[in-house]
Amino acid sequence: MTMLDRRLHAYRADLAEAGLEGRVDALRFVAGAPAQVAVPVIGLRPAPDLAKGIDTELLLGEDVTVFDRANGWCWVKAASDGYVGYLPETALSDALATPTHIVTVQRTFLYQEAELRKPCKAILSMGSRVRIVGEADTRGNRYAMLEDGTAIFAKHLQPIGEGEGGDYVEVASRFLETPYLWGGRSGLGIDCSGLVQLSMLMTGRSAQRDTDMQAATLGEPIHRSELRRGDLVFWKGHVAVLEDPETIIHANGHTMTVARENLEDAIKRIGWLYEQPTGYRRPLTRPAASAMT
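Residues numbered from 1 in each chain as written. Predicted model: local features only at pLDDT ≥ 70, side-chain atom pairs only at ≥ 80, totals over all residues. Heavy atoms only, no water.

A word on the overall build of the protein chain
Right, on to step 1. If you tally the helices and strands in the protein chain, you get 4 helices and 25 strands.
Right, on to step 2. Taking 19 Å as the expected radius of gyration for a compact globule of 293 residues, we find that the protein chain reaches 20 Å, a close match to that expectation.
Right, on to step 3. The dimensions of the protein chain, computed from C-alpha atoms along their principal axes, are 60 × 55 × 35 Å.
Right, on to step 4. Burial analysis of the protein chain (293 residues in total) assigns 52% to the buried set. (Helix = DSSP H or I, 4+ residues; strand = E, 2+ residues; numbered from the N terminus. Rg over C-alpha atoms; globule rule 2.2 N^0.38 Å. Buried < 20%, exposed > 50% of the residue type's maximum accessible area, 1.4 Å probe, protein only.)

Focus: the nonpolar core
Right, on to step 1. Ranked by size, the top nonpolar core spans 16 residues in total, and within it Leu58, Val64, Val66, Val76, Leu87 and Leu92 carry the most contacts.
Right, on to step 2. It is strand β7 (residues 73-78) that provides the largest number of residues to this core, a total of 3 residues.
Right, on to step 3. Apart from the residues lying within four places of it in its own chain, the contact partners of Leu58 are Val37, Pro40, Val41, Ile42, Leu44, Val64, Ala78, Leu87 and Arg185. (Core = buried A, V, L, I, M, F, W, Y, C linked by side-chain atoms within 4.5 Å. Contact = heavy atoms within 4.5 Å.)

Points about helix α4 (residues 263-274)
Every α-helix carries 3.6 residues per turn, so stepping three or four residues along brings you back to the same face.
Right, on to step 1. For α4, built from 12 residues, the straight-helix expectation of 16 Å at 1.5 Å per residue is missed by more than 12%, its first-to-last C-alpha distance being only 15 Å.
Right, on to step 2. Within the sequence span of α4, burial applies to Leu263, Ala266, Ile267, Ile270 and Gly271. The buried residues of α4 occupy an angular sector of 140° when the element is viewed end-on, so they sit on one face. Set apart from the buried face of α4 by more than 90 degrees, the exposed residues are Lys268 and Trp272. (Expected span 1.5 Å × (residues − 1). Arc of directions from axis to C-beta.)

A few points about the sheet that holds strand β6 (residues 63-70)
Right, on to step 1. Within the open sheet, the 5 strands sit side by side as β8-β7-β6-β3-β9. Their pairing is antiparallel. Each edge of the sheet is formed by a strand with only one pairing partner; in this case those strands are β8 (84-88) and β9 (92-93).
Right, on to step 2. Taken together, the 6 bridges between β6 and β7 define a ladder with antiparallel strand orientation. Its bridge partner being in β7, Asp68 is matched across the sheet by Trp75. (Pairing = 2+ DSSP bridges.)

Topic: the sheet that holds strand β23 (residues 247-252)
Right, on to step 1. If you walk across this open sheet you meet the 6 strands as β20-β25-β21-β22-β23-β24, and the pairing is antiparallel. Unpaired on one side and paired on the other, β20 (220-222) and β24 (257-262) mark the two borders of the sheet. On average, each strand axis in the sheet is inclined to that of its neighbour by 35°, with strand direction left out of account.
Right, on to step 2. Note that strand β22 (residues 238-244) and β23 share 3 bridges and pair antiparallel. For Asp244, the partnering residue across the bridge sits in β23 and is Thr247.
Right, on to step 3. Its contacts with the sheet place helix α2 (residues 192-201) against β21 (232-235), β22, β23 and β24, and it is angled at close to 50° to β22.
Right, on to step 4. On the sheet, α4 packs against β21, β22, β23, β24 and β25 (279-282) and is oriented at approximately 115° with respect to β24. (Axes fitted to C-alpha atoms, helices over the stretch in contact; angles between N-to-C directions.)

The analysis is restricted to geometry; functional conclusions fall outside its scope.
Below, the structure is given as structure tokens:
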């Protein structure tokens, strides 16, 4: 079998995605079937076992391809970044909606109806995608209505695609003080590369999920003397966003939050564990056309 990255290529001895036929050995190759995340946030794991730590998370309304269903688990590939893993079958819906809007605040509430005094049905993260079919006004508050009658405060949404070309550093700053979560990719908890990926997604840019992937693919390498707002600094297993040439924003295990930190102080502090930065990169200034669609 040709060794490929299991995070980005769906293959096992018994089954593999159709695009890998001729590249890996497997008993069967399948194209897979489309499905959509139907819960606010769900962890994607390397094995069908809740005792396993999560690799990443998927958000409400995100699309996946399902290659296998067994024992209450689905083996899937995320449409947004190609990440492969397992999630509970109950987290998915085969009824594919066409989302119209995306959540733009760190967190928002899905209400049972268009009234903030009514019970909250769920908490949605930035990046969650919903289909809005109408609007309602209750005591001067405007709500966006979903097909099932639930409601979201309208100012917490924008039409999909509207944020393309925005300042992803400003988006990253909205996550300040969000708890650090290994594998997290939501406003409820996030890790360093998840912060980069989700912030870029919100401005129409495409970024792979993990730090090593981002260090190899995002933009172009630069020298530290060239650093400016929006550049990235990488350590082995860690990434931070430059708010300005002296200040970073990063989800980190030191404060266990998303925090601002002086770059030089961070380099000295992190050095004992991760050594010196492995590189600096400047992401593309123009977003990928398909990132928000």
